[in-house]
Amino acid sequence: MNIISIIAQLAQGMKISILIFAATLLFSLPLGLVVAFGRMSKIKIIQWIAKVYISIMRGTPLMLQLMFVYFGPYYIFGLRIAPGYQMAAVLIGFAINYAAYFAEIYRGGIESMPVGQYEAARLLGYNKFQTFFHIIFPQVLKRILPSVTNEVITLVKDTSLAFVLAVAEMFTIAKQIASAQTSMVPFIAAAAFYYLFNLIVAVVMERIEEKLNYYK
Amino acid sequence: MSLLEMKHIKKSFDGLEVLKDISLTVEEGEVLAIIGPSGSGKSTLLRCATNLEKEDAGEIRYEGQFGLVFQNFNLFPHYSVLKNITDAPIRVQKRKKDEVYAEARELLKKMGLQDKEEAYPCQLSGGQQQRVSIARALAMNPKILFFDEPTSALDPELTGEILKVIKDLAAEHMTMVIVTHEMNFAKNVADHIIFMDKGVIAEQGTPEEVFGSDNARMQEFLGKLNND
């Protein structure tokens, strides 16, 4: 098997990796904000639920969480696992895991906002919704961007964990080819792929940071 | 007609009584200056008057909308000068855009900032930022404008430009309540002065009455200032 055909096979996996990456961000970024609100809620029970959720998501391996999401419905509820549920389980597992990390990043950003911004908004008659989405959140985004970049870069590499549910993302395929061919080449190609992917992520995030640099 | 009436206001923080039964009224067109040493309760009084703090007891009655100019401006850093001034009238008061923009530009001109509408707060001096924040408050067409030590965060040389703006507003009969450390300014611009000490109004009246008072605390306070 030559390099071209290895790369052609890996390319199929890349599509899945990119899908996991994009879908995770799409779901976990808004979900994280909801969890952050829960964590900052004045209602003790909601605050506590969010705390426990974040603690479990951050305190246990993502690989194990993926297995729980996949096998849990069968072992806990006796539900038959539908064929093709692997991919859904991966997306659910990633989304709820990353939401916990993003929640803490959002919370840090929101709590770092000076109280004067809220007071000025209140005196000008903005309601709570307007205050948050027009005054507070845009400034929070700028503050948390470096931490978000970190998570996004980790996510690129974490997509390889989907192999535990035999989802045919790139790392899963690289492993299969490598063991069939007893060759290092697929691994090297995989490494190059992750590195390149993250290089793009870093450049894009830097662009966004620069764009938000119009104010201090 | 009185635009603000505060009756028997009391406020404590963790058992410490900061305001002990304060009553005052502000008439339309009047400029009220509140002076006094740090910790006398003057800022808390202003925060109660502007609803940023809820009084423990007492009654507050307003006539119409009010605005507040903060000590450290609290402009929205991600908005341009123009947007800082126009966003609330458009978004909150739902007024027509053209009308709001025209009015905002008029206000900027009055503040001597007509060439700064595209600038962001971080590109302005403290004095310019404070003038923008005054324009932002005025754009809401308030009946009363409150000032919380509007020059305390500024260099002495920038203080003058803010005081001049406030003086001009007084000349236009804007109703204002100003917490300030600038004694000469209070003397010159205020119709009525309240001297606060330890949570009570220790002395009040016209500038002549208050500065000429033989109240011991007042004399001590003025003496300290003069020795600075």
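What counts and how
Residues numbered from 1 in each chain as written. Chains lettered and ligands numbered in written order. Predicted model: local features only at pLDDT ≥ 70, side-chain atom pairs only at ≥ 80, totals over all residues. Helix = DSSP H or I, 4+ residues; strand = E, 2+ residues; numbered from the N terminus. Contact = placed C-beta atoms within 7 Å. Pairing = 2+ DSSP bridges. Axes fitted to C-alpha atoms, helices over the stretch in contact; angles between N-to-C directions. Expected span 1.5 Å × (residues − 1). Buried ≥ 20, exposed ≤ 12 C-beta atoms within 10 Å, placed from the backbone. UniProt positions renumbered as here; feature names shortened; annotations may be inferred. Domains from an automatic or database assignment. Nonpolar A, V, L, I, M, F, W, Y, C, P; charged D, E, K, R; others polar. pLDDT = per-residue confidence, 0-100. Left-handed = near helix turned anticlockwise from the far one by under 90°. Core = buried A, V, L, I, M, F, W, Y, C linked by C-beta atoms within 7 Å.

Caption draft 1: The overall build of chain A, seen in detail. On a plain count of helices and strands, chain A comes out with 8 helices and 0 strands. In chain A, the succession of helices and strands from N to C terminus is α-α-α-α-α-α-α-α. Its C-alpha atoms give chain A principal-axis dimensions of roughly 70 × 50 × 25 Å. The long-range share in chain A, meaning contacts at least 24 apart out of those at least 6 apart in sequence, stands at 74%.

Caption draft 2: Local environment of the sheet that holds strand β4 (residues 57–62) of chain B. All names here are of chain B. Across the sheet, 3 strands lie side by side as β2-β1-β4; this open sheet has antiparallel pairing. Each edge of the open sheet carries a strand with a single partner, namely β2 (16–27) and β4. Taking each pair of neighbouring strands and ignoring which way they run, the sheet shows an average axis angle of 15°. With 8 bridges connecting them, strand β1 (residues 2–13) and β2 associate as antiparallel partners.

Caption draft 3: Region of the structure containing helix α8 (residues 185–211) of chain A. Residue and element names in this part refer to chain A. An ideal rise of 1.5 Å per residue puts 39 Å on 27 residues; α8 measures up with 39 Å between its terminal C-alpha atoms. Those residues of α8 lying buried are Pro-186, Ala-190 and Phe-193. Where α8 is buried, its residues contact α1 (3–39) and α7 (170–181).

Caption draft 4: Structural view of the UniProt feature "domain: ABC transmembrane type-1" (unreviewed entry) in chain A. Taking the UniProt record as the reference, the feature "domain: ABC transmembrane type-1" (unreviewed entry) is found at residues 14–205 of chain A. Strand forms 0% of residues 14–205 of chain A and helix 82%; the C-alpha atoms that close the span are 21 Å apart.

Caption draft 5: Seen up close, the domain arrangement of chain B. Residues and elements named next belong to chain B. The domain boundaries assigned to chain B delineate domain 1 (2–64 + 143–226) and domain 2 (77–141). Measuring from the centre of the C-alpha atoms in domain 1 to the corresponding centre in domain 2 gives 26 Å. Taken residue by residue, the interface counts 9 residues in domain 1 and 8 residues in domain 2. With 4 residues, helix α5 (residues 156–171) is the single largest residue contributor to the side of domain 1 that touches domain 2. Residue composition of the side of domain 1 that touches domain 2, grouped by class: 7 nonpolar, no polar and 2 charged.

Caption draft 6: Here's a closer look at the pairing of strand β8 (residues 192–197) of chain B. Residues and elements named next belong to chain B. Among the 6 residues that make up β8, 6 are buried, leaving the element largely enclosed by the rest of the structure. Pairing of strand β3 (residues 31–35) with β8, which is carried by 4 bridges, proceeds in the parallel orientation. What sits directly across from Leu-32, in β8, is His-192. Sheet analysis places β8 next to strand β9 (residues 200–205), joined by 5 bridges and oriented antiparallel. In the sheet register, Asp-197 faces β9, and the bridge partner there is Val-200. With antiparallel pairing between neighbouring strands as the criterion, β8 and β9 make up a hairpin whose turn holds 2 residues, including Lys-198 at a positive phi of roughly 50°.

Caption draft 7: Spatial organisation of the confidence of the model for chain A. Model confidence for chain A is summarised by a mean pLDDT of 93, while 100% of its residues fall at 70 or above. Within chain A, no element has a lower average pLDDT than α7(A), which sits at 88, and none a higher one than helix α2 (residues 44–59) of chain A, at 97.

Caption draft 8: Quick look at the packing of α2(A) against helix α4 (residues 85–111) of chain A. All names here are of chain A. It is at 9 Å that the axes of α2 and α4 come closest, and there the two elements cross at 115°. The handedness of the crossing between α2 and α4 is left-handed. On α4, the residues that touch Tyr-53, Ile-54, Met-57 and Arg-58 of α2 are Ile-96, Asn-97, Ala-100, Tyr-101, Ala-103 and Glu-104.

Caption draft 9: Region of the structure containing the UniProt feature "domain: ABC transporter" (unreviewed entry) in chain B. Within this numbering scheme, the UniProt entry marks residues 4–223 of chain B as carrying the feature "domain: ABC transporter" (unreviewed entry). The span residues 4–223 of chain B is 37% helix and 27% strand, and its two end C-alpha atoms sit 32 Å from each other.

Caption draft 10: Main features of the UniProt feature "transmembrane region" (unreviewed entry) in chain A. Residues and elements named next belong to chain A. Under the local residue numbering, the UniProt record ascribes the feature "transmembrane region" (unreviewed entry) to residues 16–38, 59–77, 83–103 and 184–205. The straight-line gap between the two end C-alpha atoms of residues 59–77 is 24 Å; of that span, 89% is helix and 0% is strand. The span residues 184–205 is 95% helical and 0% strand by assignment, and the distance between its end C-alpha atoms comes to 32 Å.

Caption draft 11: Molecular detail of the nonpolar core. Val90(A), Ala33(B), Ile34(B), Ala135(B), Phe146(B), Val177(B) and Ile178(B) are the most contacted members of the largest nonpolar core, which totals 113 residues. The greatest single-element share of this core, amounting to 15 residues, is contributed by α4(A). Two domains share this core, each providing at least three of its residues, namely domain 1 (2–64 + 143–226) and domain 2 (77–141) of chain B. Aside from chain neighbours lying at most four places away, what touches Ala135(B) is Ile85(B), Leu107(B), Leu108(B) and Met111(B).

Caption draft 12: Inspection of the interface of chain A and chain B at higher detail. In this assembly, 15 residues from chain A lie in contact with 16 residues from chain B. Mapped by element, the contributors of at least two residues to the side of chain A that touches chain B are α5 (115–123) and α6 (128–158) of chain A. Per-element tally for the side of chain A that touches chain B: the top contributor is α5(A), with 5 residues. Class assignment of the residues belonging to the side of chain A that touches chain B gives a composition of 8 nonpolar, 5 polar and 2 charged.

Caption draft 13: Molecular detail of the sheet that holds β9(B). Residues and elements named next belong to chain B. An order of β5-β6-β7-β3-β8-β9 is seen for the 6 strands of this open sheet, with the pairing classed as mixed. Of all the strands in the sheet, just β5 (66–69) and β9 have a single pairing partner and so form its edges. In this sheet, adjacent strand axes meet at a mean angle of 15° when their direction is disregarded.

Caption draft 14: Region of the structure containing α4(A). For α4(A), spanning 27 residues, the distance from its first C-alpha to its last is 39 Å, which sits close to the expected 39 Å at 1.5 Å a residue. Most of α4(A) sits inside the fold, with 19 of its 27 residues counted as buried.

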